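# Summary of the model geometry
The primary structure of each chain is shown beneath.
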Amino acid sequence: MLDADFFRRWLLAAAASVDREAARLTELDSAIGDADHGANLQRGFTAVVAALEAEPPQTPGAVLVLAGRQLISKVGGASGPLYGTLLRRTGKALGDAAEVSDEQLCEALAAGVAAVAELGKAVPGDKTMIDALTPAVEALPDGYAAAREAAEKGALDTVPLQARKGRASYLGERSIGHQDPGATSSALLVAALAEVAGG
Ligand code: ADP
Ligand code: MG
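None of the values given here were measured: they were computed from a predicted structure. (Residues numbered from 1 in each chain as written. Chains lettered and ligands numbered in written order. Predicted model: local features only at pLDDT ≥ 70, side-chain atom pairs only at ≥ 80, totals over all residues. Heavy atoms only, no water.)

## Focus: the overall build of the protein
Just so we agree on the cut-off: Working definition: helices are DSSP H or I runs of at least four residues, strands are E runs of at least two. Numbering for both runs from the N terminus. A 1.4 Å probe rolled over the protein chains alone gives each residue an accessible area, and that area as a share of the maximum for its type sets the label: buried under 20%, exposed over 50%, partly exposed in between. The contact rule is simple, with two residues in contact once any of their heavy atoms fall within 4.5 Å. Charge counting treats Lys and Arg as positive and Asp and Glu as negative, with His and both chain ends excluded. Here the site of a charge means atom NZ of a Lys, CZ of an Arg, CG of an Asp or CD of a Glu.
Of the regular secondary structure elements, the protein holds eight helices and two strands. Scanning the protein from its N terminus toward the C terminus, one meets helices and strands in the order β-α-α-α-α-β-α-α-α-α. Split into buried and exposed, the 199 residues of the protein put 53% on the buried side. Long-range contacts, defined here as pairs at least 24 residues apart, represent 66% of the contacts in the protein between residues at least 6 apart. Positive and negative charge centroids in the protein, built from 18 and 26 side chains respectively, lie 7 Å apart.

This is the structure in structure tokens:
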């Protein structure tokens, strides 16, 4: 079973990974966006870590809802409300149980990803974070390592796509040939989950 501390450790691992990879995320966003994706997520996850330390929530759902709120309020870019929605909706789906099962997390994450797709009106193939998140939740029933691999492949597979959502879509065909920054950061978040789950 997964408790509040597991989810806290996931978000701390995600924050550390975002710190390590911020320059790369910004570089990807400089090719097809406005070069702020690394800084956006660093600002957001720094706020998440501070909020979790200030008042550690006692349930998995509360950890994710708190983190989601921080991302929504602290990140100016498109990715803040989208990642905030992912965590908040996943947290709400977990309810107020003190511990949740892998299966419950699987279902809750699927609801979270569906909420992101609805908010951003993105479908797989649009060259967004959905291209990493959707294969990850589809692979998750096979385990955390499978989800990580699916997310990493999904991010790589955005390279030949033309962006149909977000800032990169303004580039039209010129968005082809570049990896989507949001799909790349999504793969980092899924990898952090696999890391704390020991997968
Ligand atoms: P901004 O585009 O406002 O500068 P960021 O640079 O932080 O925001 O995030 C850009 C990423 O957000 C993109 O690489 C893409 O993955 C994701 N994104 C943008 N718009 C959408 C959308 N409508 N649906 C899903 N993801 C999106
Ligand atoms: Mg940007």
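There is more to say after this.
## Remarks on helix H5 (residues 102–120)
Rules: Expected helix span is given by 1.5 Å per residue-to-residue step, counting one fewer step than there are residues.
Relative to the 27 Å expected for 19 residues at 1.5 Å per residue, H5 spans 27 Å between its end C-alpha atoms, a close match to the ideal helical length. For H5, every residue scored as buried is listed here: Leu105, Cys106, Ala108, Leu109, Gly112, Val113, Ala115 and Val116. Lining the buried residues of H5 we find strand S1 (2–3), helix H1 (4–32), helix H4 (79–94), helix H6 (130–139), helix H7 (144–156) and helix H8 (181–197). Phi for Lys121, located one or two positions after H5, is positive at around 55 degrees.

## Let's talk about the coordination of the magnesium ion (ligand 2)
Formally: Because no water is among the atoms considered, metal sites can look incomplete, with donors defined as N, O and S atoms within 2.8 Å of the metal, or 3.2 Å for Na, K and Ca.
Coordination of the magnesium ion (ligand 2) by the protein comes from Asp29 (OD), Asp34 (OD) and Asp36 (OD), over a distance range of 2.0 to 2.2 Å. Here the donor residues of the magnesium ion (ligand 2) share one chain and are spaced in sequence as D-x4-D-x1-D. Using a relative accessible area of 8% as the deciding quantity, one classes Asp29 as buried.

## Comments concerning a positive patch on the surface
Definition in use: In this analysis, a patch consists of residues with relative accessible area above 30% that form no salt bridge, clustered at 9 Å for like charges and at 5 Å for the nonpolar side chains Val, Leu, Ile, Met, Phe, Trp and Tyr. Computed by Shrake-Rupley with a 1.4 Å probe, the accessible areas treat only the displayed protein chains as cover when residues are assessed. What counts as a salt bridge is simple: a side-chain nitrogen of Lys or Arg found within 4 Å of a carboxyl oxygen of Asp or Glu.
On the surface, Arg69, Arg88, Arg89 and Lys92 cluster together into a patch of positive charge. Counting residues per element, the positive patch draws most heavily on H4, at three residues. Inspection of the secondary structure assignment puts Arg89 in helix H4. Taking relative accessible area as the criterion, Arg89 reaches 37% and is therefore assigned partly exposed.

## As for the nonpolar core
Threshold: Put simply, a nonpolar core is a bunch of buried Ala, Val, Leu, Ile, Met, Phe, Trp, Tyr and Cys residues held in one set by side-chain atoms that sit within 4.5 Å of each other.
With 56 residues, the main nonpolar core has Phe7, Trp10, Leu11 and Phe45 as its most contacted residues. Listed by contribution, the elements that provide at least two residues to this core are H1, helix H2 (37–54), helix H3 (60–74), H4, H5, H6, H7 and H8. Among the elements that line this core, the one with the most residues is H1, at 10 residues. Discounting chain neighbours no more than four positions away, the residues touching Phe7 are Leu2, Pro60, Val63, Leu64, Leu94, Val100 and Leu105.

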